[in-house]
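Each chain, written out:
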There are 6 protein chains.
Amino acid sequence: MRFDETYSGNVFIKSHPNYEESKAVLYGMPMDWTVSYRPGSRFGPTRIREVSIGLEEYSPYLDRELEEVKFFDAGDIPLPFGNPKKSLEEIKSFVRQLLADGKVPIGMGGEHLVSLPVMEAVYEKHDDLAIIHFDAHTDLRTDYEGEPYSHATPIRKIAEHIGPHNVYSFGIRSGLKEEFIWAKENGMHISKFEVLEPLKEVLPTLAGRNVYVTIDIDVLDPGHAPGTGTVDCGGITPKELLASIHAIAGSDVNVVGFDLVEVAPIYDVSEMTSNTAAKLIREMILGWVK
Amino acid sequence: MRFDETYSGNVFIKSHPNYEESKAVLYGMPMDWTVSYRPGSRFGPTRIREVSIGLEEYSPYLDRELEEVKFFDAGDIPLPFGNPKKSLEEIKSFVRQLLADGKVPIGMGGEHLVSLPVMEAVYEKHDDLAIIHFDAHTDLRTDYEGEPYSHATPIRKIAEHIGPHNVYSFGIRSGLKEEFIWAKENGMHISKFEVLEPLKEVLPTLAGRNVYVTIDIDVLDPGHAPGTGTVDCGGITPKELLASIHAIAGSDVNVVGFDLVEVAPIYDVSEMTSNTAAKLIREMILGWVK
Amino acid sequence: MRFDETYSGNVFIKSHPNYEESKAVLYGMPMDWTVSYRPGSRFGPTRIREVSIGLEEYSPYLDRELEEVKFFDAGDIPLPFGNPKKSLEEIKSFVRQLLADGKVPIGMGGEHLVSLPVMEAVYEKHDDLAIIHFDAHTDLRTDYEGEPYSHATPIRKIAEHIGPHNVYSFGIRSGLKEEFIWAKENGMHISKFEVLEPLKEVLPTLAGRNVYVTIDIDVLDPGHAPGTGTVDCGGITPKELLASIHAIAGSDVNVVGFDLVEVAPIYDVSEMTSNTAAKLIREMILGWVK
Amino acid sequence: MRFDETYSGNVFIKSHPNYEESKAVLYGMPMDWTVSYRPGSRFGPTRIREVSIGLEEYSPYLDRELEEVKFFDAGDIPLPFGNPKKSLEEIKSFVRQLLADGKVPIGMGGEHLVSLPVMEAVYEKHDDLAIIHFDAHTDLRTDYEGEPYSHATPIRKIAEHIGPHNVYSFGIRSGLKEEFIWAKENGMHISKFEVLEPLKEVLPTLAGRNVYVTIDIDVLDPGHAPGTGTVDCGGITPKELLASIHAIAGSDVNVVGFDLVEVAPIYDVSEMTSNTAAKLIREMILGWVK
Amino acid sequence: MRFDETYSGNVFIKSHPNYEESKAVLYGMPMDWTVSYRPGSRFGPTRIREVSIGLEEYSPYLDRELEEVKFFDAGDIPLPFGNPKKSLEEIKSFVRQLLADGKVPIGMGGEHLVSLPVMEAVYEKHDDLAIIHFDAHTDLRTDYEGEPYSHATPIRKIAEHIGPHNVYSFGIRSGLKEEFIWAKENGMHISKFEVLEPLKEVLPTLAGRNVYVTIDIDVLDPGHAPGTGTVDCGGITPKELLASIHAIAGSDVNVVGFDLVEVAPIYDVSEMTSNTAAKLIREMILGWVK
Amino acid sequence: MRFDETYSGNVFIKSHPNYEESKAVLYGMPMDWTVSYRPGSRFGPTRIREVSIGLEEYSPYLDRELEEVKFFDAGDIPLPFGNPKKSLEEIKSFVRQLLADGKVPIGMGGEHLVSLPVMEAVYEKHDDLAIIHFDAHTDLRTDYEGEPYSHATPIRKIAEHIGPHNVYSFGIRSGLKEEFIWAKENGMHISKFEVLEPLKEVLPTLAGRNVYVTIDIDVLDPGHAPGTGTVDCGGITPKELLASIHAIAGSDVNVVGFDLVEVAPIYDVSEMTSNTAAKLIREMILGWVK
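Note that the structure is a prediction, hence the values are computed from the model and not measured.

**Observations regarding the relation of the copies chain A and chain B**
For the pair chain A and chain B, the superposition axis carries a translation of 0.0 Å, the fit reaches an RMSD of 0.0 Å, and the rotation angle comes to 120 degrees. Such a combination of rotation and displacement between the chain copies is what one expects of a three-fold axis. No C-alpha of chain A lies nearer the rotation axis than that of Gly223(A), which sits 3.1 Å from it. Interface overlap between copies is the fraction of interface residues in one copy that are interface residues in the other; for chain A against chain B it is only 10%, indicating separate surfaces.

Now the structure itself:
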């Protein structure tokens, strides 16, 4: 972490050098030890920061520059390899501190399970919280072959915690039959396959609400995001995902935190997925941190 | 092959362990020795099976699970390296047996030439047969630099065999001028560039017909299917191809056999093309084997 | 270069063996030494020629074959490594000769800066010149960290040279705030994000004009063109770019030269980007050289 | 696992189809969740089996064929993702069963920590056990950043369990200063950098002893084994490692079990490391299972 | 082929532009259709020529420059895809012509089977012919699963043709037990595992003989030559192979032809194997063509 | 650069946070714009730092830990893309400052030309300077196709500057005939092909001398260092290079500066070359900075 003087890692482009003065805090959660398929997302945050250097600081979409938003890059949270329980505790404790200090938490995964403690911590502060979730997968299992701490369970756990009717999933194209049934029976919103159109319908109903947004990069089609652990064809384009971010930016919801997870540079080509992740983070910072 | 006890290869997810009880039979045709450009599709079937393990067994598109359809995975047909003539004979003889046993043949290539003996065998059984063909290439040559057994000739040969007016090609974006002219003059259907819209127009005219469907993975744009021998930009997205499969599933044609060919894992990135192939096969099994 | 007898490199498919008899001349400009991010486009022209062998000579889009257009492949212009000033002089001098001989210049980059001397030479001949520019980036800087010869400056320099109102950029999604402001204040046309629709609006206004077209391959989304130095998500598909080329072919502008730049094979997968570049060049030759 | 009828994975070339009749049992331990650097060895066993198909069954080194040794391939032990404690218990319990049935255990990792429960189980049966250990790394830490279950600790733990003077490490070129000091002070054998010569000196002193051999593939130089998580230059060649295996085969030690760990196919090129692993396993089976 | 005027491929560095004036002729045999494992060597000759451009023309080993030896690069022999019988006939007929014209044939594969017709043609001219063979594999099968034309049979066939006692294989580390037995019983020389030392012993016994040398690149360890179809660890280093070439150059044998086969660029990294092949060819030309 | 507060890049493992207190200074020279073959070494320094995190801090070769040597990591020197002249001036000026402050300069390239201004600056301070040079290439050209600033010229230029008899090259296996002749006629030492043995002979003759050591990573065989621009087989192993570094450490020369150049991560596999570079730098720091 970067709070002490000896920090020696790289940071996101145009991040602010001072924690106290910053409105938002970016941090990495380099955990991938519960994934059932291909690991490697632990290297996502480092690589996203590295390629962010090549980004322009200005968004022609939002006509805004990064220096207009003060955000601090805290580096990666040190997590104990192979110990998911303790890792999640470390993340929650870190995010609680950020929230106590009035910062907007901006997380980079790591596997999707890392979003769970963040959302729990945010819910402690905002009890009207709604979750907007972009993903190829439901992530609604109760456990994965007996393990409750799994990359396949975070949305189920947070839905049970804050109420399924407060969770809105978009772009979903894979899951167990039981997961879809559970969602339907419990009033959770799932938009299968599509993102932008159903999002535009949902956003007005969330006007004035505090919202946490969690994006699994695999909501994109593998052709546009090969650098991830579980590829599943039939996803959306970066253009649609950018438009969805801008739709939220233009809506009346109040984004109180967000993350982007599951970037695994090992499987990438031409650093395409890391670059896309960096650009998405830039757009979210510029559009959502007000 | 897997009929004897000593079979030691992997099989497609949720394939049924018993041949007799199965309605359909999946098999690999690992031949790539006549291709003029980049070989490697011989490894397609093995890799597709391998990655199929990561697939969900449930289709949220069709609301159906793989265990609802009994299909047997027979492994790969042993083919003599470098001997196309004998290879095609082996394939035809194998498929004839499947048809005699009342099974729906589901093939995985291999180069596109492997589809020819399958279609010939299916035509022996169903003399009203129509072919639906998704591809970037016409495959309508009479020969390739003097060789009649070539990956560039199978559609021409089957068209001459069953009558060109019974062949419907979609998504075509490459071929010789003569091939397009031959198709036009002989009443064969070719939809250039597009797939879904023209397919929806054609399907009603095929209502009640027995149909064999052959998909060359390169009908997809290379961005979505790099793992193939001959890339050619300007193709469709996986979303459109999935929708086309579902359109056939929802139509009144009777699919009596199908295949997916030209997956070459060597050129793939992030196992994207193999995963896409596995998902397409799942959707075709769930949608077409009734 | 190929004018002397000892030329030993490969050439583009169906290029004409004789310079004098040819209407157009294809040449490579293998320079990448001013790029700020990832080099490698020096190998673009060679690889594009190599994969062009796998192309069909016939375009089903335009119903025309390469042998209907005589174009000569002159090989790569020899450029001094690490010396941009001298390299640009070599390019300009070469293109001047082509124009003096009445040939249509067709360039392959190399980094985008190579287009500058070509456009300058073309402007010497055609003083009513308009530029059509497809790109992800504005390329409108005056300098890059003090260096005026940079891959980030060519459009600015040519705009100042021929008048900003004669420059039409499409697909732009990255740049400095100042660049967008400069373009607006100086009457230059920029279509952000989109290409085909705004192009169709602009083309009638250019009827009868002499036009040079410069395409940076990164106007495509990285999913469709990973083989380039600076990837930036949110781009268009090859289908849209092909349609744009055909729109120009069908319009009343007079294309007096064109180029395709920034193909960097090192970052490519399955030779997808090189193949796409070769096909785009085929379509431009068939559609624009009349 | 392969004991039940529904097993559907691939197996090592020429493995025997019957457990009861076999003298040795090959099994995979697909765990990589405690590694501090690059994960991916979970896919080692599957890929090694896959490429083993290309191996010759005959060893010209030992003049012996695989069919002369009956070994059963039990597939991979199912391990709970992200739960090292439970994973190690599963492994130990499985190996205890093998030993109770009189089989020689042959393990494929997975990370090196998987060797620990195997060695513990073997020690329960053979209380005179000595360990021969080939590795680039000492693996002698007491814990890794507080976690006792780590890929950096297995040799320390087994050394404390069976007595450090019964452990012989070869090829070591990386570790903490404290690890080397601990080894020296506690009478454990470490041959730094070299393998074959010191091994030949040690083997006569172990004559008649029961020995377990554990090989971390990174004892090879990265040039010969890129497909592993932690590369460290200065290692030995495959030729030397083969000669070391043959030296053990020709000695008077009694090999009661062995493993090969840390093959991570994701980082491999040309399947070189997996092929090397398969060949090493063939030689160990032919040389050591008597 | 390059004898006609329209040749448009690349050529080996410093090859002579004129066939008649040349002493030796370099040609590619781009066939890979009988291989049982991984295809791709059809692209070997093209890539070797391409990277040869980066070679120095001077050998500090032999103190000789390429311009001191006139050799013509004839391009690739056009071979019918998937038709091994006809392909071998084309090769033999081409080489017969070279020999009739008094040229030294220098072949680039392609799979190893391409060497067979060349050796047969050379034997027609030199009935005292001896073969020196560097390889990881025996290549002594009579057939491969029933196919006599296979990459596993060329040495057997030529040995039966010219007499097994005239064939000298070096570096062999893989084969069937029967192959080794056949060699031994029939007086053929096989040096297992090693190359340089046994070669130095054999060369004096061949003094004054006409010799054809065939090198399968997989005689090198995969760490040094990943770009080949069948990797097999335990091979020699490029340093040893260079020394072996120089040993032949310094001996009293008369090299009447030679080839280098099985380079498959698809599996290569950093173009290492192609570069090595180009350098080996340079050294063989400089050392053996007198 | 890292002297100001806003530095945001990563640093080498265990580098000291304070410039003033440090004895040595590590810096990157990310220039690759004069290379004639494959660029990409500009990314070497960043990647070497990144992978250094995985290194052990202790050397079992030298029994010394990094914290025993205070060295500061100054980051990369900002260099103007495509302007070699100005780039070399920036480097020289930076190194002069280091020397004025009494620091040992430790450079990371970048292409080999970056060593020239460093050696010139070191010579200004130590007029008895000798150069020890490990490389595959002579680098003794006067110019490269007319350009004096080229990656092929630095050793010639420094040899002319400090006297050829003060330059000792080892491992050389490529160059023009003229270069070898020039070296011989001018009393420069070149050991062809070999490194360790001739180095051991030379070192005693340099006892008491101030020495600068420059290592081109391509002195290693490509099998051990694929991540470089110009691969050339026949090189040494990392074991031999480590032994050479340790031989210098054990000799009586006084190393007053050193560098490691030409690491190009784009062509690497498994980060092997970057890891090797980081380990070599650790050994040089531990062995040479006293």
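**Describing the relation of the copies chain A and chain F**
Relating the two copies of this chain is a rotation about some axis coupled with a shift parallel to it. Expressed as a screw operation, the relation of chain A to chain F combines 0.0 Å of axial shift with a rotation of 180 degrees, fitting to an RMSD of 0.0 Å. Such a turn and shift between the copies fits a two-fold axis. It is Asn10(A) whose C-alpha, among those of chain A, lies nearest the rotation axis, at 2.3 Å. A shared binding surface is used by both copies, with 100% of the interface residues of chain A retained as interface residues in chain F.

**Remarks on the interface of chain A and chain B**
A common measure of how large an interface is: the accessible area buried when the components associate. Tallying the contact residues gives 29 residues for chain A and 21 residues for chain B. At the boundary of chain A with chain B, total buried surface from both sides reaches about 2,000 Å², with 55% on carbon and sulfur atoms. Considering only the surface of chain A that becomes buried against chain B, Tyr37(A), Lys177(A) and Cys233(A) emerge as the three largest contributors, covering 29% of it. Taken together, chain A and chain B are joined by four salt bridges.

**Here we look at the sheet that holds strand β6 (residues 130-134) of chain F**
Hydrogen bonding along the main chain pairs the strands of a sheet, whether they run parallel or antiparallel. All names here are of chain F. Taken in spatial order, the eight strands line up as β4-β1-β5-β10-β9-β6-β7-β8 in an open sheet, and their pairing is parallel. Of all the strands in the sheet, just β4 (71-76) and β8 (189-192) have a single pairing partner and so form its edges. Between one strand axis and the next, the sheet turns by 15 degrees as a mean value, whatever way the strands run. Both strand β1 (residues 24-29) and β4 contribute to a ladder of four bridges, which runs parallel. Each residue of the ladder has a partner; that of Val25, found in β4, is Phe72. Across the face of the sheet, helix α4 (residues 154-162) comes into contact with β6, β7 (167-172) and β9 (210-216) while running at roughly 155 degrees to β7.

**Section: empty space enclosed by the protein**
Take a probe with the size of a water molecule and roll it over the atoms, and the empty space left behind shows itself. All names here are of chain F. Under the counting rule described, the total for this entry stands at four cavities of 30 Å³ or more. Of the pockets and cavities examined, the largest cavity occupies roughly 60 Å³. Around the largest cavity, the lining residues are Asp32, Val35, Tyr37, Arg38, Pro39, Gly40, Ser41, Gly229, Thr230, Glu262 and Ala264.

**A look at helix α8 (residues 272-288) of chain F**
Here α8(F) contains 17 residues, and its C-alpha end-to-end distance of 24 Å stays within 8% of the 24 Å for a straight helix at 1.5 Å per residue. Counting buried residues along α8(F), 17 of its 17 residues qualify, which places the element largely inside the surrounding structure.

**A look at the packing of aromatic side chains**
Scanning all chains against the criterion turns up 54 aromatic pairs over all chains. Here Phe12(C) and Phe71(C) contribute two aromatic rings whose centre-to-centre distance is 6.0 Å and whose plane-to-plane angle is 70 degrees, an arrangement assigned as edge-to-face. Remark: Phe71(C) occurs in strand β4 (residues 71-76) and Phe12(C) occurs in the segment before β1 (24-29); sequence separation between them is 59 residues. Taken as a pair, Phe12(C) and Phe71(C) share a single burial class, namely buried. Both rings, one in Phe258(F) and one in Trp288(F), keep their centres 5.1 Å apart while their planes meet at 90 degrees; by these two values the pair is edge-to-face. Pair noted here: Phe258(F) is in strand β10 (residues 254-261) and Trp288(F) is in helix α8, with a separation of 30 residues, a long-range link. Comparing Phe258(F) with Trp288(F) shows no difference in burial state: the two are buried.

What counts and how
Residues numbered from 1 in each chain as written. Chains lettered and ligands numbered in written order. Predicted model: local features only at pLDDT ≥ 70, side-chain atom pairs only at ≥ 80, totals over all residues. Heavy atoms only, no water. Least-squares fit on C-alpha atoms with pLDDT ≥ 70 in both. Contact = heavy atoms within 4.5 Å. Buried area = accessible area lost by both parts, 1.4 Å probe. Salt bridge = Lys/Arg side-chain N within 4 Å of Asp/Glu carboxyl O. Pairing = 2+ DSSP bridges. Helix = DSSP H or I, 4+ residues; strand = E, 2+ residues; numbered from the N terminus. Axes fitted to C-alpha atoms, helices over the stretch in contact; angles between N-to-C directions. 1 Å grid on protein atoms, 1.4 Å probe; cavity = no way out; pocket = protein on both sides within 12 Å on 5 of 7 lines; lining within 4 Å. Points joined across faces, edges and corners; volume = space filled by probe spheres on them. Expected span 1.5 Å × (residues − 1). Buried < 20%, exposed > 50% of the residue type's maximum accessible area, 1.4 Å probe, protein only. Phe/Tyr/Trp six-rings, centres within 6.5 Å; stacked < 30°, edge-to-face > 60°.

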